[in-house]
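So you can see what is in the structure, the chains are spelled out below.
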Amino acid sequence: MKYRVLRIINILSLIFAAGVFVYQLAFAEERDIKLMTKAGSAALVLMLALLRIRPKKTPFDSLVYRDFYRKIIGDAFRSDPKAMKLLTNAITDYNYNKFEKAIKTLDVLLDRHCADSSDFSAVLMFKALCLSESGRKNAAAECYEQLLFHDYSNSTAWSNLGLIYADLGKMQQAEQAYEKAITYDPESPSAYTNFSVLLLHKGDAEKALEYSEKALELDPKLNQAASSAAIASQLLGDEEKLQKYKRLHVLNGGNAKELEQVLAAVR
């Protein structure tokens, strides 16, 4: 679920800085020493960032993550800059896999700063994500349940909770959670995808295909939805759709060999 947006930005910036340095060194008719120095220094800093050996987080991290998770943050701590700073620090720690540190900050926010549903929703979402990523599924489920007490129509929380229930073997509860996720956001491709996987486990290939196709209609680049659609198509004996979704799975970056192994196992 985590997207390393900062790493991608670092890579692109590194390529640009290195390109400027190489151009000045090898191709410029008259070298700009000042520009070369800046480009070389920038490339070095960005390389260190990619190697994760920076001595500390930068303010740039918080800005990037705050923008990327805008949908989750919503209106949280709109009039409390101190709390917002703590939240963005916790989000940055979460993205650096510093889950315990992030949870401690989030607990401080829960104890001292959360005032309304938007505050609780954002903080509990990231706490649940930290707990889930660190393998504490039961605690993560409790956290999502607490979040839904404050923000019952949160489709993302319902969908994530469904995933955890499925991991814990609570299939009926998982199905109910996915139904809630779709009820509160009928345009959520991840909810349809997650539900389609559960339906495959239940043996309902027809409905699984319907839901995975709906997910792909909303977001054609969803690899898991493509693989789910391929498996459902094979179970239903629809060769045309099977080949279609196998191709889409590969186009979306999926591993063709792994999918063939799954298909062979369910024949």
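Residues numbered from 1 in each chain as written. Predicted model: local features only at pLDDT ≥ 70, side-chain atom pairs only at ≥ 80, totals over all residues. Heavy atoms only, no water.

Caption draft 1: How the structure looks around the overall build of the protein chain. When helices and strands are tallied, the protein chain shows 15 helices and zero strands. Within the protein chain, contacts between residues at least 6 apart in sequence are counted, and of these 55% link residues at least 24 apart. Put simply, the protein chain shows about 14900 Å² of open surface, and 55% of that area lies on carbon and sulfur atoms. (Helix = DSSP H or I, 4+ residues; strand = E, 2+ residues; numbered from the N terminus. Contact = heavy atoms within 4.5 Å. Areas by Shrake-Rupley, 256 points an atom, 1.4 Å probe, with all protein chains shown as cover.)

Caption draft 2: A look at a nonpolar patch on the surface. On the surface, a nonpolar cluster with roughly 200 Å² of combined accessible area is contributed by Leu235, Val262 and Val266. By secondary structure assignment, the location of Leu235 is in helix H13 (residues 223-235). (Patch = residues over 30% accessible without salt bridge, like charges linked within 9 Å, V, L, I, M, F, W, Y side chains within 5 Å. Salt bridge = Lys/Arg side-chain N within 4 Å of Asp/Glu carboxyl O.)

Caption draft 3: Examining the packing of aromatic side chains more closely. One pass over the structure, following the stated rule, counts eight aromatic pairs. Look at Tyr94 and Phe126: their rings are 6.1 Å apart centre to centre, the planes differ by 70°, and that puts the pair in the edge-to-face class. With Tyr94 in helix H5 (residues 81-95) and Phe126 in helix H7 (residues 117-133), this pair connects stretches of sequence that are 32 residues apart. Here the two residues Tyr94 and Phe126 agree in accessibility, since each one is buried. (Phe/Tyr/Trp six-rings, centres within 6.5 Å; stacked < 30°, edge-to-face > 60°. Buried < 20%, exposed > 50% of the residue type's maximum accessible area, 1.4 Å probe, protein only.)

Caption draft 4: Layout of the side chain of Asn154. Within the secondary structure layout, Asn154 lies in the loop between helix H8 (137-150) and helix H9 (155-167). For Asn154, a relative accessible area of 13% corresponds to the buried category. At 3.2 Å, the side chain of Asn154 and the backbone nitrogen of Thr156 are in polar contact. Among the polar contacts made by the side chain of Asn154, one reaches the main-chain amide nitrogen of Ala157 at a distance of 3.0 Å. (Polar contact = N/O pair within 3.5 Å; in protein donor to acceptor, adjacent residues only side chain to side chain.)

Caption draft 5: Broad picture of the environment of Val197. Among the structural elements, Val197 can be located in helix H11 (residues 189-202). Since its relative accessible area comes to 25%, Val197 is described here as partly exposed. Every residue in contact with Val197, bar those within four places of it in the chain, is listed here: Gln224 and Ser228.

Caption draft 6: Examining the nonpolar core more closely. One finds Ile73, Phe77, Leu87, Leu106, Val123, Phe126 and Tyr144 to be the most contacted residues of the largest nonpolar core, which totals 64 residues. A total of ten residues in this core trace back to one element, the largest contributor, which is H7. The residues contacting Leu87, other than those within four sequence positions of it, are Ile73, Phe77, Leu106, Leu109, Ala122, Val123 and Phe126. (Core = buried A, V, L, I, M, F, W, Y, C linked by side-chain atoms within 4.5 Å.)

Caption draft 7: Representation of helix H6 (residues 99-112) within the structure. Here H6 spans 20 Å end to end across 14 residues, near enough to the 20 Å set by a 1.5 Å rise per residue. Burial in H6 covers these residues: Phe99, Ala102, Ile103, Thr105, Leu106, Leu109 and Leu110. One side of H6 holds all its buried residues, which, seen down the axis, span an arc of 165°. Within H6, the exposed residues directed more than 90 degrees away from the buried face are Lys104, Asp111 and Arg112. (Expected span 1.5 Å × (residues − 1). Arc of directions from axis to C-beta.)

Caption draft 8: Highlighting unusual backbone geometry. At Phe77, a position not held by glycine, the phi torsion is positive, near 50°. Locating Phe77 in the fold gives a position in the loop between helix H4 (70-73) and H5. Taking relative accessible area as the criterion, Phe77 reaches 4% and is therefore assigned buried.

Caption draft 9: Just the pattern of salt bridges, in detail. Counting across every chain of the model gives eight salt bridges. Two residues, Asp75 and Arg78, come together in a salt bridge whose shortest N-O distance is 2.8 Å. Two residues, Glu100 and Arg136, come together in a salt bridge whose shortest N-O distance is 2.5 Å. You can see Glu100 sitting in helix H6 and its partner Arg136 sitting in the loop between H7 and H8, a full 36 residues away along the chain.

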